[in-house]
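Topology and contacts: notes
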Amino acid sequence: QLDSLIERLSRQGRLTPIEVRDLFQDVLSVLVTAGAGCGKTTIFGMKVPHDWATGELLEDVVLLFSLKLRDAHLWKAKSVVKLLGLDNLDLEAGEPQQIAAFIKDHPKQVMISCDGLDEGKVKKSSLLWAMLQRRSNTLPAEIRLLVTSRPCPIVTKLDKSCRFDRR
């Protein structure tokens, strides 16, 4: 029954099915919006990072950061090192800054997955909001960005200001 619905919506031009592996082909930013319980977190928040880590997906991505935005309102990040949690890893002195330098020098080899924008209460003055809008001075605009959310007003506002490559 789901297959026939997808086929009908595709014929009407209301739905364009795409394989996850083709999601970032020739695009840098993807916004996935759908209702609760349909698998956004499972597919894009867990399966995509897993498949990347095992070499099955996004082979040209060297670094993938998976951010759960549910607690984003608690973040007080003022730098890319803090935003991506590099300061919380068991790294030697100077390594977080080396990773930040790699991100700046090789942005097309970096992907940031932001799961649950609607749950995050992201402050519009935060570094995260600036990153999502591609207006951050600390993160290059060429970084691949994947955002998942339920439909809500903040997503509509972000979509208008960001102009995601694929929705």
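Scroll up for the structure.
First, a word on scope: everything that follows refers to the structure included in this document. Along each chain, residues carry numbers from 1 onward, in the same order as the chain's sequence is written. Only residues with pLDDT of at least 70 are given local features in this predicted model, and only at 80 or more are side-chain atom pairs given and counted; all residues enter the totals for whole chains, interfaces and linings. Excluding hydrogens and water, the side-chain figures rest on all heavy atoms present in the structure.

**Some details on the sheet that holds strand β4 (residues 144-149)**
Inclusion rule: A pair of strands is considered paired only if DSSP assigns at least 2 bridges between the two. Elements are defined by DSSP. Helices are runs of H or I of four residues or more, strands are runs of E of two residues or more, and each kind is numbered from the N terminus. Here an axis means a line fitted to C-alpha atoms, over the contact stretch when the element is a helix, while the angle between two N-to-C directions is reported on a 0 to 180 degree scale. We call two residues in contact when some of their heavy atoms are within 4.5 Å.
Strands sit in the order β1-β4-β3-β2 across an open sheet of four strands; the sheet is parallel. Whereas interior strands pair on both sides, the edge strands pair on one side only; in this sheet they are β1 (29-33) and β2 (63-68). With strand direction ignored, the average angle separating the axes of adjacent strands in the sheet is 10 degrees. Direction of pairing for β1 relative to β4: parallel, over a ladder of five bridges. Along β4, the bridge assignment pairs T33 with S149. Contacts from helix α2 (residues 40-53) reach β1, β2, β3 (110-115) and β4 within the one sheet, and its direction differs from that of β2 by about 155 degrees. Sheet strands touched by helix α4 (residues 95-105): β2 and β3. Its angle to β2, the strand with the most contacts, is close to 105 degrees.

**Focus on α4**
Rules: Partly exposed describes any residue whose relative accessible area lies between the buried limit of under 20% and the exposed limit of over 50%, with all areas from a 1.4 Å probe on protein chains only and scaled to the type maximum. The arc in question is the one traced by the directions running from the helix axis out to the C-beta atoms.
Taken together, the buried positions of α4 are occupied by P96, A100 and I103. All buried residues of α4 lie within an arc of 55 degrees about the axis, which places them on one face of the element. Turned more than 90 degrees off the buried face of α4, the exposed positions are Q98 and D105. Those residues of α4 that are buried lie in contact with β2, α3 (80-83) and β3.

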